[in-house]
Amino acid sequence: MIMDYQLIWVLLIAVAVFAYVTLDGFDLGIGILFPFIKDPAKRGKMMNTVAPVWDGNETWLVLGGGGLYAAFPLAYSLLMTAFYIPVFTMLLALVFRGVAFEFRFKSRDHQKHWDFAFSAGSIIAAAMQGAMLGAFIEGIAVENAKFVGGPFDWLSPFSVFCASAVVVGYALLGTGWLIMKMEGNFQGRLRALAKPAVIWMAANLGVVSLMTSYIHPAYAARWFDMPNLFFLAPIPIVTTGLLFWLWHAVKHREKTVFGITLGIFFLCYAGFGITLYPNIVPPMIDFRTAAAPDNSLSFMLVGASILIPIILAYTAYAYWVFRGKVGDEGYH
Amino acid sequence: MFDPDILARVQFAFTISFHIIFPSFTIGLASYLFVLEALWLRTRDDTYLALYKFWLKIFALAFGMGVVSGIVMSYQFGTNWGPFSEFTGSVLGPLLAYEVLSAFFLEAGFLGIMLFGLNRVGPKLHFTATTMVAIGTLFSAFWILSANSWMQTPTGHIIENGRAVVQSWWDVIFNPSFPYRLVHMVLAAFLTTALVVGAVGAWHLLRDRENRAARIMFSMAMWMAAIVAPIQIVAGDMHGLNTLEHQPAKVAAMEGHFETQNGAPLILFGWPDMAAEETKYAVEIPKLGSMILTHDWEGRITGLKDFAPEDRPNATIVFWTFRIMVGLGILMALLGIVSLFARWRKSLYSCTWLHRFALIMGPSGFIAILAGWFTTEIGRQPWVVYGLMRTSEAGSPVAPTAIAGSLAAFVIVYAIVFGVGTAYIIRAMNKDPRFAHSPKGEVLRAGSRPISDPTIPTAGE
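Counting of residues starts from 1 at the beginning of each chain's written sequence and follows it residue by residue. Chains carry letters from A onward and ligands carry numbers from 1 onward, assigned in written order. For a predicted model such as this one, the threshold for reporting local features is a pLDDT of at least 70, and the threshold for listing and counting side-chain atom pairs is 80 or more; totals across whole chains, interfaces and linings nevertheless cover every residue. The basis for every side-chain value is the complete set of heavy atoms in the structure, and neither hydrogens nor water enter the calculation.

> When you look at the overall build of chain A in this model, what are you seeing that I'm missing?
Numbered from the N terminus, helices here are DSSP runs of H or I no shorter than four residues, and strands are runs of E no shorter than two. The helix and strand tally for chain A stands at 14 helices and four strands. Each radius of gyration is computed over the set of C-alpha atoms, and the globule rule expresses the reference value as 2.2 Å times the number of residues to the power 0.38. Relative to the compact-globule value of 20 Å for 332 residues, chain A shows a C-alpha radius of gyration of 20 Å, a close match. Dimensions along the principal axes, computed over C-alpha positions, put chain A at roughly 55 × 40 × 40 Å. At a minimum sequence separation of 6, the contacts of chain A that also span at least 24 residues come to 80%. Surface exposure here means Shrake-Rupley accessible area, sampled with a 1.4 Å probe, where a residue is shielded only by the protein chains that are shown. Summing over all exposed atoms, chain A offers an accessible surface of approximately 13,500 Å²; the carbon and sulfur share of this is 71%. Where the 21 positive side-chain charges of chain A centre and where its 19 negative ones centre are 12 Å apart. Note on contacts: a residue pair qualifies if any of its non-hydrogen atoms lie within 4.5 Å across the two residues. None of His or the chain ends enter the tally, which takes Lys and Arg as positive and Asp and Glu as negative. Taken as the charge centre is NZ of Lys, CZ of Arg, CG of Asp or CD of Glu, depending on the residue.

Structural data, given as structure tokens:
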């Protein structure tokens, strides 16, 4: 395994997607929690905790998509064609959800409608992302570098389980975030909501992990052949440990809930990467086949290595500016 | 009817037409906010702060809609235009990646501080945030116009295994039409914003001539119109010459010329008939067409008949969209000149018909941008990448029903979301700008205080 441009870019895009999943994950999670919190003032407060940062969070989605287009054009064109319906459904859901941030506070008479748009948009977007993840793992029907499947190939029992896992995972990230940001009774309410979510997520992860190993023999071999079994066993073991720790934290801790959930996300994400490597359009096309020429990859790498550290710095600054508990006045 | 190519083109045209409205407004508005905050920091005159907050609310709404419609665009290349993505990915992809890295993150990263952070970070750092957002919008324009210009006048690449591969990034980014397109588009964005600001200023002046915030808005906007509209006409002319050099078929369609001729007339109006290969009912001025395009009365202008029928853009549409853009551009310049005259006559704030004129011209920038966009994009057809890839070869193998279904969903969703968003923007514009930074501004009404009261701009402080 030599570090070349193709490998660097597949890793960079993986990082961008993970950044998206965790950052937009918790603000989508707030929308997923909306149906359980009826009080308009509390909803406003929940939204205020992410209003200054959601935009930057969602930009990672554009970087993931744009990076795939630039670095792996073949994979981009195949995946987008195969996921036509879930991609468009997700985008339309994100349209509703995104404008709700501005519209909710501008609207006198229709606040409930924008609350619904925010919540439904968040849930649908999360579910579509999960379903696409599932369909991605199951594989895309490709012949001669053309997509040959049907428009509903992405919908399967497995992808439904993955959708459910992502929705509940984002909800937990959102709860973890809000437990940090809120105080008193409302914090207690959030803790109560988190408990069933942890159980649901644990069950979902178990099902998805077991099903994954039955999808392709290669996936099972990656995990269970020697010596991989020995090296990779810590991933499920640590994940299980984190789930127990999370169960404890949602009852007693304030700041660790979010961090532990992030840890679980990271391990699951790493698990998927290990399962799929080196394929970028499973089960047939590896990332080297799909890659753009080296001069495109190197040109982008110059910009990425200068700009990404700067982006991380000012993003961190923006989070720091809006740190701490959210008072009643909010930012609006 | 259910031709997937046509459906995919209609969908792209629909979504990008909606999208382009918002960035072209926010590019100008971000720079305007930068100027307002700079003036406030310099003079500490609270009217500037009130104006800043007034336009910031509108900026937030427009920016939000621009972001969500833009995310759609970044995925549509792949869903509907797979073969195009594959062919162009290694050329256009990096340009768009640079746009995301240098512009989108900058805008999004500092937008939160700009919108909610004034009391948290203080005026100086807040001004830095405003500056970063304004710079971000201009970076964004740079990269997206570079990508679009490459599709119009591709250079710096070779074709390898049926894909475009870059030979020189410099030639790709600074392709022949890019400088003209960038200048024309950024000026259009500034002008569009100035016309909106001018119309809002005029609206409030029509209600109350003494409204100081409205006076400042109107005056600044009219300076912009007076200076930028004439410059834009010159820039547009230079862009036209560039197009004649690189895309003669587009110019022939814009001008409605079917026959190649020396000393070609300028066709003012007419109906280019693609089937009959002639422009019917033409009202023309002899030899002026050659003069404008070649700067020579006897200059040679290539007609559409010199191009194979399958290589001709649709002249009927392009001829008219071009005239709408130019006509509105002339009216904008006229507004600017009239305002200079009114300023000289000291009637800038009292001339009712000028205010009405400015009010009517408020949306004209958006219409001109759309008309210009249609001219350049439809004029490029039948090519998606000029001379390299036909639009008919660029579409994904997606079921027509899927495209039709997603198109219908877009029409419904955009109608709701952008209809409501526009209503909120208009409502925000209708509020009295003097009270924009007053916590109790909501309950105050224009005229609720004596107009001579000097404390009005700082009401609520």
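> Quick question: what am I supposed to make of the overall build of chain B here?
Broken down by element type, chain B carries 13 helices and eight strands. On C-alpha atoms alone, chain B measures out to a radius of gyration of 24 Å, which is about the 23 Å that the 2.2 N^0.38 rule sets for 461 residues. On the principal axes, the C-alpha backbone points of chain B span a range of 70 × 50 × 40 Å. Burial classes: relative accessible area under 20% of the type maximum marks a residue as buried, over 50% as exposed, and values in between as partly exposed (1.4 Å probe, protein chains only). Taking all 461 residues of chain B together, 60% fall into the buried category. Pairs at least 24 residues apart make up 75% of the contacts formed inside chain B by residues separated by at least 6 positions. Of the roughly 18,200 Å² of accessible surface on chain B, 67% is carried by carbon and sulfur atoms. In chain B, 32 side chains carry a positive charge and 31 a negative one; their mean positions are 14 Å apart.

> Looking at this structure, how should I read the interface of chain A and chain B?
The parts lose accessible area when they come together, and the size of an interface is often stated as this lost area. Contact residues are listed per partner, giving 57 residues for chain A and 67 residues for chain B. For the pair chain A and chain B, the two sides together bury roughly 6,000 Å², of which 75% comes from carbon and sulfur. Buried area is a sum: the accessible area each of two parts loses on coming together, probed at 1.4 Å, counted once for each and added. Looking only at chain A, the three residues that lose the most surface to chain B are Tyr69(A), Tyr84(A) and Phe299(A), adding up to 13% of its buried area. By definition here, a salt bridge exists when the distance from a side-chain nitrogen of Lys or Arg to a carboxyl oxygen of Asp or Glu is within 4 Å. Applying the counting criterion to the chain A and chain B interface returns zero salt bridges. Only α3 (54-71), α4 (73-82), α5 (84-106) and α14 (294-321) of chain A provide two or more residues apiece to the side of chain A that touches chain B. Ranked by residue count, the leading element in the side of chain A that touches chain B is α14(A), at 14 residues. Among the residues making up the side of chain A that touches chain B, the classes are represented as 38 nonpolar, 12 polar and seven charged. Residue type decides the class: Asp, Glu, Lys and Arg count as charged, Ala, Val, Leu, Ile, Met, Phe, Trp, Tyr, Cys and Pro as nonpolar, and the leftover types, Gly among them, as polar.

> Looking at this structure, I do not really get the side chain of His157(B). What am I missing?
Note on placement: His157(B) falls in strand β1 (residues 157-160). Once residues within four sequence positions are removed from consideration, His157(B) is found in contact with Trp150(B), Val165(B), Val166(B), Gln167(B) and Leu388(B).

> What is the right way to look at the UniProt feature "transmembrane region" (unreviewed entry) in chain A in this model?
Residues and elements named next belong to chain A. UniProt positions are given in the numbering used here, feature names are shortened, and annotations may be inferred rather than shown by experiment. Mapped onto the present numbering, the UniProt feature "transmembrane region" (unreviewed entry) falls on residues 7-37, 74-96, 116-137, 157-180, 192-216, 228-250, 257-277 and 297-322. Span residues 7-37 is 87% helix and 0% strand, its end C-alpha atoms 44 Å apart. For residues 74-96, the helix share is 96%, the strand share is 0%, and the end-to-end C-alpha distance is 30 Å.

> Hey, could you run me through helix α11 (residues 352-361) of chain B in this one?
Residues and elements named next belong to chain B. Buried residues of α11: Leu354, His355, Phe357, Ala358 and Met361, and no others. Seen from one end, α11 has its buried residues packed into an arc of 160°, which puts them on one side. Every exposed residue of α11 that faces more than 90 degrees away from the buried side is listed here: Trp353, Arg356 and Ile360. Packed against the buried residues of α11 are α6 (178-207), α7 (212-246), α10 (315-344) and α12 (364-380). In this context, the arc is that of the directions from the helix axis out to the C-beta atoms.

> Mind showing me how you'd approach the nonpolar core here?
Counting residues in each nonpolar core, the largest one holds 258 residues, and the members touching the most others are Phe72(A), Phe83(A), Tyr170(A), Ile280(A), Trp55(B), Phe59(B) and Phe84(B). For this core, the element with the most residues is helix α2 (residues 46-80) of chain B, which contributes 21 residues. Not counting the four nearest positions on each side in its chain, Phe59(B) is found in contact with Thr26(B), Leu29(B), Ala30(B), Leu33(B), Leu111(B), Met114(B) and Val133(B). Grouped together as the second largest cluster of nonpolar side chains are 10 residues, Ala252(B), Met254(B), Ala315(B) and Ala371(B) included. By nonpolar core we mean a set of buried residues, namely Ala, Val, Leu, Ile, Met, Phe, Trp, Tyr and Cys, connected to one another through side-chain atoms within 4.5 Å.

> What exactly am I supposed to notice about the pairing of strand β2 (residues 163-166) of chain B here?
Each regular strand displays side chains that alternate between the two surfaces of the sheet. Residue and element names in this part refer to chain B. Sheet analysis places β1 next to β2, joined by four bridges and oriented antiparallel. Paired with His157 across the strands is Val166, a residue of β2. Here, strands pair whenever DSSP counts at least two bridges between them. The antiparallel pairing of β1 with β2 creates a hairpin that spans two residues between the two strands, and Asn161 there sits at a positive phi of about 50°.

> What am I meant to see in a nonpolar patch on the surface here?
All names here are of chain A. Among the surface-exposed residues, Phe224, Met226, Leu229, Phe230 and Phe231 lie close enough to one another that they form a single nonpolar patch of about 630 Å² accessible area. It is helix α10 (residues 228-232) that provides the largest number of residues to the nonpolar patch, a total of three residues. Position of Met226 relative to the elements: it lies in the loop between α9 (217-224) and α10. Of the residues examined, Met226 reaches a relative accessible area of 63% and is grouped as exposed. Patches in this entry comprise residues that are over 30% relatively accessible and not in a salt bridge; like charges within 9 Å are linked, as are nonpolar side chains (Val, Leu, Ile, Met, Phe, Trp, Tyr) within 5 Å.

> How do you make sense of the packing of helix α2 (residues 40-50) of chain A against helix α7 (residues 157-181) of chain A when you look at a structure like this?
A pair of packed helices is characterised by two quantities: the angle between their axes and the separation of those axes. Residues and elements named next belong to chain A. Each axis is a line fitted through C-alpha atoms, and for a helix only the stretch in contact is used; angles between axes span 0 to 180 degrees, taken between their N-to-C directions. The interhelical angle for the contact between α2 and α7, taken along N-to-C directions, is 95°, at an axis separation of 11 Å. In terms of axis orientation, α2 runs roughly perpendicular to α7. Residues Met46, Thr49 and Val50 of α2 touch α7, and the partners they reach there are Trp177, Leu178 and Lys181. Here the contact of α2 with α7 is composed, by residue class, of four nonpolar, one polar and one charged. By the definition adopted for this analysis, an angle is roughly parallel if under 35 degrees, roughly antiparallel if over 145, roughly perpendicular if from 65 to 115, and oblique otherwise.

> Whenever I open this one, unusual backbone geometry confuses me. Can you help?
Of the consecutive residues Tyr277(A) and Pro278(A), the connecting peptide bond is found in the cis state with omega at 5°. Structurally, Pro278(A) is set in the loop between α12 (256-276) and β3 (279-281). Look at the link from Gln381(B) to Pro382(B): it is a cis peptide, with omega at 5°. Positionally, Pro382(B) belongs in the loop between α12 and β7 (383-385). With a phi angle near 55°, Arg44(B) is a residue other than glycine that sits in the positive phi range. Positive phi outside glycine occurs at His295(B), with the angle close to 55°.

> Explain the environment of Leu125(B) to me, please; I cannot follow it from the model alone.
Mapped onto the elements, Leu125(B) comes out in helix α4 (residues 118-152). C-alpha of Leu125(B) to C-alpha of Phe12(B): the two residues are 113 residues apart in sequence and 39 Å apart in space.

> Explain the pairing of strand β4 (residues 266-273) of chain B here, please?
Residue and element names in this part refer to chain B. As paired elements, β4 and strand β5 (residues 278-285) share six bridges and run antiparallel to each other. If you follow Leu266 over to β5, its bridge partner there is Ile285. Between the antiparallel neighbours β4 and β5 lie four residues, among them Glu277 with a positive phi of about 55°.

> What is the right way to look at the side chain of Ser213(A) in this model?
All names here are of chain A. Along the polypeptide, Ser213 turns up in helix α8 (residues 184-215). At 2.7 Å, the side chain of Ser213 and the backbone oxygen of Leu210 are in polar contact. Look past the residues within four positions of Ser213 in its chain and what remains in contact with it is Ala220 and Phe224. Contacts described as polar in this section are N or O atom pairs within 3.5 Å, which, within protein, must combine one atom able to donate a hydrogen with one able to accept it, while residues neighboring in sequence count only if both atoms come from side chains.

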